[in-house]
Structures are given as C-alpha cells and as structure tokens.
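Structural overview
Residues per chain are reported as follows:
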Amino acid sequence: MLSILHTESSIGWGGQEIRILTEARGMLDRGHEVMLLTPPSAEMLPAAKKMGVPVEAINIEKKRFGALLELRQWLASNGRRYDVINTHSSTDSWLTAIACQTLSGMPPIVRTRHVSTAINNHWSTRWLYTKATAHIATTGEALKAQLHRDNGYALEKMTSVRTGIDLNRFHPLDKTAMRATLRVSENPTIGILATLRDWKGHDYLLDALKLLHIDFPEWRLIIIGDGPQRARLTSRVQDENLSGIVRFVGNVDNVPEWLSTLDVFTLPSFGDEGVPQGIMQAMACGLPVVSTPVGAIAEAVQDGTTGMLVAPKSAHALAAALERLMADEALRRNMGQAGRAYASASFGIDVMLDRMTDVFVRAVMAQKGK
C-alpha cells in the first residue's frame, strides 16, 4: 500500500479540484493512505472533509516566503512518512519542490498537469519539471504531446492519465422523473456544466441561443455551476430578456439527476482544457455533446459519432451544430448512445486509479534506484 501526499494551492472549485478528491477517495477505498494539504480558504477543504479525505489547512495559496517556510516546517515534521508527493497547481508545485530540495529524505514528487496552458522554457521552469519532479502525469494525451513538442520533456517521464468518473453514479436516469423532481419543464433542453469562468464559453452559448430561438422557441437552457462570472451572466440574461428560457441552478451535488433532464450537452470552451469532467459525465449519462477541439477534448468527443466539435469563439458555428441536434431526435439518440458506450469503455474511475498507482510506484522505485 502507498502513502500519498497531495498538495493543491487553488482556492477555487472546478474539474481539477474534483479530480483530486475523486482520485484521493478512490485511493483510500483501495486501502492506500492519503493526505491533502490545501489553503484554509480553499473550497476543497470542506469538500474533502465531506468526502472523508484526510486534509489539513496550510497557507500555500501564494508564492511567498512565509508560505514556503510553513510548508517546509510541515514537511520536515511529516514528509518522510509519505512514499510520494503529488502536486497539482503552479504555486504548490514550486513551494513543494523548493522545500523538498532543502530537506533530506523527502519522497519523490509527481506533478499532475490538468490543463493545456503553455509552459515557458526558462531554466527555472525546466528545473522544476525535469529535475525536481520525478514524473509528470497529464490528463490527456494531447497535453503530454504538447509538453514534449513545445518544451522537450522526455516522453518516458510523462504519463497520460485521463480523469475517471464513477460509472455507477453517472448513467442515464429516467428523464420524466428527473424533470418532475427538479421542477424542469417538459421543453427540450440544452445544458452546460462548468465553472462560470469567461473561457468556458457561456457568452458564446448565449449568443448562439439567441440565433436559434427564432426557429426553436420551445427550447430551454440550463446552466449548471457557479463561479466568478455568475453575477455578470445573470445580468446579461435579464438585460437581453432571456430569463424565460435560461435557468441558473448553481453548484449541485446531484449532477447525474440534472444531466438526465437534458437533451443536449454543450461546452464551448476556448481555454486551456484537459478532458473536462462535465463532458465525460454528460456522455456517461447518454447525452450528445457539442464542444470545441481545445486541449484534450477531442480525446472524449468523437466528432460525428459521440457529438460535434466546432471552432471556438464562434457563436454561429456553435449554433449550427446545436441546430442539427435540436432538429433531429434520432441523431441525438444515436450520438447519446455512442457517447454512453464510449464512456463505459474509457472513463471508469478504476482506469484512472490503476494508472496513477503505476505512476506513483514507478516514481518511488526510480528514487530508490538512484
């Protein structure tokens, strides 16, 4: 059994944080020991406690000397009892790497890259990824290829480990019953599940909805999730008289139930994605997906089979793809069934846990072999 220490400096909430907690909970269920370090103000802190993931609050939110000293002190007292440290964001990765360099007997570091944001080639960054870090896990093959192509990182030091989801939880539910329970109208409905950040593409979705509303006035939009753009998007919906067809439901715990009220799922992201969990969850629930080919999304959405990929930042391209699905119930059903089959074969949590276990073991064995 492994003893795994996770660090996460992010205080927000989204797919990355959900991935960490899902993985941690899965490792615990397999008998491994897990600990998470995260800032006192992090949304992960109460979420981890709710999921039964051991967690401690530590001030690692920013790259400051005080944060380094606090983390170093914690590691000096506790770090040697762990087999491996798994870092996740830039800040906690830097703090952990520097702290470990100043201490003896520290475990190897595995860095998980969740997004496709470009990494600079400064010598210090190369040190972080190629010297201080024993292995890099990416959440998609596209991210791994990008790091090899743009930064020259060795392929043998990287492993793609797609996020896994609980297929016992994410599966199609009775739509009529879910709509009645959640008070969703019988109107056909598009949905998006994402943190309300500008690069998730909500504005382009609203633009597309306005283009489609003339020919499809019966269709509705449900926006699942919360975030920094909530107030602005709510105001926009009100100002543009879309309140009658757009519903915000915020962050919800019963995601499968909400997804089962939908007819089409979309995520018109133009940001630095891995494989978004919302897409995988929607496919597992039998929904056709319209998205963009950014990051590693194309590893989940098979264009023309499980959904459609459109150019990012184009309301017209998004509207055209949505229109095809809105107008064709058989196409929605066929793509949804194909997505469900692909999710069942590819997105299970056990695949993620097996691959991450292999990564951790390889990092531990490599350090012992030095």
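Structure: see above.
Fair warning: this is a prediction, and the values are worked out from it, not measured in the lab. (Residues numbered from 1 in each chain as written. Predicted model: local features only at pLDDT ≥ 70, side-chain atom pairs only at ≥ 80, totals over all residues. Heavy atoms only, no water.)

1. Quick notes on the overall build of the protein chain
When its secondary structure is counted, the protein chain shows 14 helices and 13 strands. Counting across all 370 residues of the protein chain, residues that qualify as buried make up 55%. Sequence-distant contacts in the protein chain: of pairs separated by 6 or more residues, those separated by 24 or more amount to 72%. When the accessible area of the protein chain is evaluated, it comes to approximately 15,300 Å², of which 51% is carbon and sulfur surface. Charged side chains in the protein chain number 40 positive and 38 negative. The centres of these two groups are separated by 5 Å. (Helix = DSSP H or I, 4+ residues; strand = E, 2+ residues; numbered from the N terminus. Buried < 20%, exposed > 50% of the residue type's maximum accessible area, 1.4 Å probe, protein only. Contact = heavy atoms within 4.5 Å. Areas by Shrake-Rupley, 256 points an atom, 1.4 Å probe, with all protein chains shown as cover. Lys, Arg positive; Asp, Glu negative; His and termini not counted. Charge placed at Lys NZ, Arg CZ, Asp CG, Glu CD.)

2. Examining the pairing of strand S6 (residues 135-138)
Residue alternation in S6 divides its side chains into two sets, His 135 and Ala 137 and Ile 136 and Thr 138, and both sets are buried. Pairing of strand S5 (residues 109-113) with S6, which is carried by four bridges, proceeds in the parallel orientation. Bridge pairing links Val 110 to His 135 in S6. Of the strand pairs in this sheet, S6 and strand S7 (residues 158-160) are connected by three bridges, and their pairing is parallel. Looking across to S7, one finds that Ala 137 is bridged to Thr 159. Assessed by its sense of winding, the connection that carries the chain from S6 through helix H6 (residues 141-151) to S7 is right-handed. (Pairing = 2+ DSSP bridges. Right-handed = clockwise from strand over helix to strand, strands pointing away.)

3. A closer look at the nonpolar core
Counting 64 residues, the largest nonpolar core has Leu 221, Val 246, Trp 258, Leu 259, Phe 265, Ile 279 and Leu 322 as its most contacted members. Looking at which element gives the most residues to this core, the answer is helix H12 (residues 315-326), with six residues. Formed by 28 residues, the second largest nonpolar core is a distinct cluster that contains Ile 60, Trp 74, Leu 95 and Tyr 129. (Core = buried A, V, L, I, M, F, W, Y, C linked by side-chain atoms within 4.5 Å.)

4. Points about the pattern of salt bridges
When their charged atoms lie close together, side chains carrying opposite charge are able to pair. If you walk through the whole model with that rule in mind, you get 18 salt bridges. The closest approach of N and O atoms between Arg 236 and Glu 240, which form a salt bridge, is 3.0 Å. What emerges from the salt-bridge pattern is a single network uniting Asp 203, Asp 207, Lys 210, Arg 232, Arg 236 and Glu 240. (Salt bridge = Lys/Arg side-chain N within 4 Å of Asp/Glu carboxyl O.)

5. With respect to the side chain of His 32
Positionally, His 32 belongs in the loop between helix H1 (15-29) and strand S2 (33-38). A distance of 2.9 Å separates a polar side-chain atom of His 32 from the backbone nitrogen of Leu 2. Apart from residues no more than four positions distant in its own chain, His 32 is found in contact with Met 1, Leu 2, Ile 4, Met 27 and Thr 357. (Polar contact = N/O pair within 3.5 Å; in protein donor to acceptor, adjacent residues only side chain to side chain.)

6. Some thoughts on helix H9 (residues 230-239)
Residues of H9 that are buried include every one of Leu 233, Arg 236 and Val 237, and no others. The buried residues of H9 occupy an angular sector of 100° when projected down its axis, which confines them to one face. Opposite the buried face of H9, by more than 90 degrees, sit the exposed residues Ala 231 and Asp 239. Tucked inside the fold, the buried residues of H9 contact helix H8 (202-213) and strand S10 (246-250). (Arc of directions from axis to C-beta.)

7. Observations regarding the sheet that holds S2
Spatial strand order, S3-S2-S1-S4-S5-S6-S7: seven strands in an open sheet with parallel pairing. Edge positions in the sheet fall to strand S3 (55-57) and S7, since each of these pairs with one other strand and no more. This sheet shows a mean twist of 20° between the axes of neighbouring strands, independent of strand direction. (Axes fitted to C-alpha atoms, helices over the stretch in contact; angles between N-to-C directions.)

8. Points about unusual backbone geometry
One non-glycine residue, Arg 183, lies in positive phi territory at about 60°. We note that Lys 313 has phi near 60°; this positive angle belongs to a residue other than glycine. Tracing the backbone shows Lys 313 in the loop between strand S13 (307-309) and H12.

9. A word on the packing of aromatic side chains
Scanning all chains against the criterion turns up five aromatic pairs. Both rings, one in Tyr 129 and one in Tyr 153, keep their centres 5.4 Å apart while their planes meet at 20°; by these two values the pair is stacked. With Tyr 129 in helix H5 (residues 123-132) and Tyr 153 in the loop between H6 and S7, this residue pair connects regions lying 24 residues apart in the sequence. Each member of the pair Tyr 129 and Tyr 153 is classed as buried. With a centroid separation of 5.8 Å and 85° between ring planes, the pair formed by Tyr 204 and Phe 270 is classed as edge-to-face. Taken together, the positions of Tyr 204 in helix H8 and Phe 270 in the loop between strand S11 (264-267) and helix H11 (277-284) put the pair 66 residues apart, joining distant regions of the chain. Note that Arg 81 overlies the ring of Tyr 82, its terminal NZ or CZ placed 5.1 Å from the centroid. (Phe/Tyr/Trp six-rings, centres within 6.5 Å; stacked < 30°, edge-to-face > 60°. Lys NZ or Arg CZ within 6 Å of the ring centre and 35° of its normal.)

10. Description of the environment of Glu 70
Looking at the secondary structure, you find Glu 70 in helix H3 (residues 65-78). Remark: the alpha-carbon pair of Glu 70 and Asn 59, spanning eleven residues in sequence, is separated by 7.2 Å. When near neighbours in sequence (up to four residues on either side) are disregarded, Glu 70 contacts Ile 58 and Asn 59. A distance of 3.3 Å separates the side chain of Glu 70 from the side chain of Asn 59, its partner in a polar contact.

11. Here we look at the pairing of strand S8 (residues 189-193)
For S8, the tally of buried residues reaches five of five residues, placing the bulk of the element in the interior. Across the two faces of S8 the burial is the same, with Thr 189, Gly 191 and Leu 193 and Ile 190 and Ile 192 all buried. With H8 bridging S8 and the parallel strand S9 (residues 220-224), this β-α-β connection has right-handed handedness. In terms of strand pairing, S8 meets S11 through two bridges, oriented parallel. When the sheet's bridge partners are listed, Ile 190 is paired in S11 with Val 264.

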